[in-house]
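# Coordinates in review
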Amino acid sequence: MIGFLRGVGNRSLDRVAGVGRATLVLTAALWKVPRLSDVPLIVKQIYNVGVLSLVIVVLSAFCIGAVLALQFHTQLGKFGAQDAVGVGLALVLLRELGPVVTALLFAGRAGSAITAEIGLMKTTEQLSSMEMMGVDPLHRIVAPRLWAGFVSLPLLTAIFNVVAIYGGMIVAVEWMGGDQGRFWSGIQAEVDIWDDIGKGVVKSIAFAVVVTWIAVFQGYDTEPTPEGIGLATTRTVVVSSVMVLAIDFLLTLSMYGDFK
Amino acid sequence: MDDPNLVEIKDLHFRRGARVVFDGLSLTVPRGKITAIMGPSGSGKTTLLRIIGGQIKPDAGEIRVAGRDVGGLGRAELFELREDIGMLFQSSALFTDLTAFENVAFPLREHTDLPEDSIRDLVLMKLNAVGLRGARDLLPSQLSGGMARRVALARAIALDPQLLMYDEPFTGQDPIAMGVLLSLIKKLNGALNATSLLVSHDIHETASIADKIYIVADGKVVGEGHPDVLHDHPSSRIRQFVAGRPDGPVPFHYPADEFVYDVLGSGR
């Protein structure tokens, strides 16, 4: 019993210490405002985490938009409300699915890559040697990836939403024979710039910070062994996925709070 | 700046978890000389280099590099101090996404505002010093272990540091690469007017170039002196290490029960 309690205590202490170290890494990395000479480094990372994630984001968005439209069309069709497919699709995507699914894809595609890359640099002493050359890896390696993640994920989310709505439109209109005019005019009438689009953007920024932070920290904090990198990469995907879903719930609750 | 010692370590204490790594270690690295720290694997030699570079904070003790107290420096001052230190890592630690040329250029680009053609000249000079000017466009994955270490050496000397630290430079090198490294370390120390601190357990190679050897065991300096003196050192333990005898004061066997008990399965 004592042993069990001690185990729980130790694990909790480890977690708290981990959060503390992660906060130190984040503040140290973001303390210095990027200089003009850092821009090429950030652009390169935006390519790595953003542009290279485009294929998976676009493909997933198209498929998700298409299945949503199919389901909406069938269910709403029972009430003769096929014209509401566009609105339903847009609201679900802009408010919830767009930010969340893109963040999950981002964690799997870009987050794991960031963790593995930084972890491997640590394991092969590249970070140490950089420090010994008087170059701070927090500024040179960690900070550009953080900024790139912060910029990329909201943009990817926007692309996801556009492609998903377009995919849904193709199913609802071209395939199921819905009315294209009503599809778009419904969206135009019902979607609010702040309530639907703005709050979705807020969510995607929050997810961007959380996922990139976790990915960078897991890499930087890796135990420098092959197993360590594997574990850290897994943790990045698992922890950031859970965090994204949990934070989404909290944000939905606080931003669209008047559920009855 | 006229202090005869570039590095001074006084009464260093450091523990990792429950294991005591350093227990009152003191040593000095005289300017302009090649000093070697030797000791069995796991005696914390690499840790010592990291403590000198300020990457690890010791539990107690004073470390002075070029008159500055490493423990008392802030983060920015520490990074400034490190520009004066070149370190060759055991794994070479080249940046795997950059060519040999860009690896050597890295510290120059980070710390100087030199125009591109000056950087090019400097990098080619450093690569030429290690004999790899022709390999400048190769990626680290295309270099042999010995070549990678020489590129790393060229990178370590890019900023003409006062102090050069070598972490196990001979480990895993073939005899020719070893000979090349030995002559480079000796040559560079003179040419750069630098001070070298070498950590190694390759006794013969180290003895052939070092001016002074410290032998570290159990977290302390157990012997010091010119390589020739150590062969006739009064301590049998040091003689065992220098001669490389498998058994002696440092036992061959990890502490265990009598073999016969283990074999008969009647361990106590």
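Residues numbered from 1 in each chain as written. Chains lettered and ligands numbered in written order. Predicted model: local features only at pLDDT ≥ 70, side-chain atom pairs only at ≥ 80, totals over all residues. Heavy atoms only, no water.

## Overview of the overall build of chain B
Summing up its helical and strand segments, chain B has 10 helices and 10 strands in all. Computed over its C-alpha atoms, the radius of gyration of chain B comes to 20 Å, within 12% of the 18 Å expected for a compact globule of 268 residues. Along the three orthogonal principal directions, the C-alpha set of chain B runs to about 75 × 40 × 35 Å. Evaluated residue by residue, chain B yields a buried proportion of 46% over its 268 residues. (Helix = DSSP H or I, 4+ residues; strand = E, 2+ residues; numbered from the N terminus. Rg over C-alpha atoms; globule rule 2.2 N^0.38 Å. Buried < 20%, exposed > 50% of the residue type's maximum accessible area, 1.4 Å probe, protein only.)

## Quick notes on the overall build of chain A
Of regular secondary structure, chain A possesses 9 helices and 0 strands. Listed N to C, the secondary structure of chain A is α-α-α-α-α-α-α-α-α in terms of helices and strands. Within the span of chain A, comprising 260 residues, buried residues form 46% of the whole. A sequence separation of at least 24 residues applies to 83% of the contacts in chain A between residues at least 6 apart. Here chain A has roughly 13000 Å² of accessible surface; of this, 71% comes from carbon and sulfur atoms. (Contact = heavy atoms within 4.5 Å. Areas by Shrake-Rupley, 256 points an atom, 1.4 Å probe, with all protein chains shown as cover.)

## Thoughts on the sheet that holds strand 1 (residues 5–16) of chain B
All names here are of chain B. The strand order across the open sheet built from 4 strands is 2-1-4-5, with neighbouring strands paired in antiparallel fashion. Single-partner strands in this sheet number two, and they are strand 2 (19–30) and strand 5 (68–69). The sheet contact formed by strand 1 and strand 2 spans 9 bridges and is antiparallel. Residue H13 lies in a different strand from strand 2, and its bridge partner there is D23. With respect to the sheet, helix 1 (residues 45–52) is in contact with strand 1, strand 2 and strand 4 (60–65), its orientation differing from that of strand 1 by roughly 120°. (Pairing = 2+ DSSP bridges. Axes fitted to C-alpha atoms, helices over the stretch in contact; angles between N-to-C directions.)

## Quick look at the packing of helix 1 (residues 2–31) of chain A against helix 6 (residues 137–175) of chain A
Any two packed helices are characterised by how steeply their axes cross, that is the angle between the axes, and by the distance between the axes. All names here are of chain A. Axis separation between helix 1 and helix 6 bottoms out at 9 Å; the angle between their running directions is 90°. It follows that helix 1 is roughly perpendicular to helix 6 by the angle criterion. Residues V25, L26, A28, A29 and L30 of helix 1 touch helix 6, and the partners they reach there are L138, H139, V142, A143, L146, W147 and F150. For the contact of helix 1 with helix 6, the residue count by class is 11 nonpolar, 1 polar and no charged. (Parallel < 35°, antiparallel > 145°, perpendicular 65-115°, else oblique. Nonpolar A, V, L, I, M, F, W, Y, C, P; charged D, E, K, R; others polar.)

## Comments concerning the pairing of strand 3 (residues 34–38) of chain B
Residue and element names in this part refer to chain B. Burial analysis of strand 3 places 5 of its 5 residues in the buried class, the great majority of the element. On strand 3, burial covers both faces: I34, A36 and M38 on one face and T35 and I37 on the other are all buried. Taken together, the 4 bridges between strand 3 and strand 9 (residues 212–217) define a ladder with parallel strand orientation. Looking across to strand 9, one finds that A36 is bridged to I213.

## Overview of the side chain of K203 of chain A
All names here are of chain A. Position of K203 relative to the elements: it lies in helix 8 (residues 193–220). Look at K203 and you get buried, because its relative accessible area is 0%. Beyond its immediate chain neighbours, meaning those up to four positions away, K203 contacts R95, E96, P99, D248, L251, T252, M255 and Y256.

## Overview of the pattern of salt bridges
Applying the stated criterion to the full structure yields 20 salt bridges over all chains. Salt-bridge contacts for R95 of chain A lead to D196 of chain A; the nearest nitrogen and oxygen are separated by 2.7 Å. Residue R95 of chain A is located in helix 4 (residues 85–123), and its partner D196 of chain A is located in helix 8; the two are separated by 101 residues in the primary sequence. Accessibility expressed as a relative area gives 26% for R95 of chain A, which makes it partly exposed. Assessed through its relative accessible area of 2%, D196 of chain A is described here as buried. Here K126 of chain B ties to D160 of chain B by a salt bridge, and the two come within 2.6 Å at their closest N and O atoms. (Salt bridge = Lys/Arg side-chain N within 4 Å of Asp/Glu carboxyl O.)

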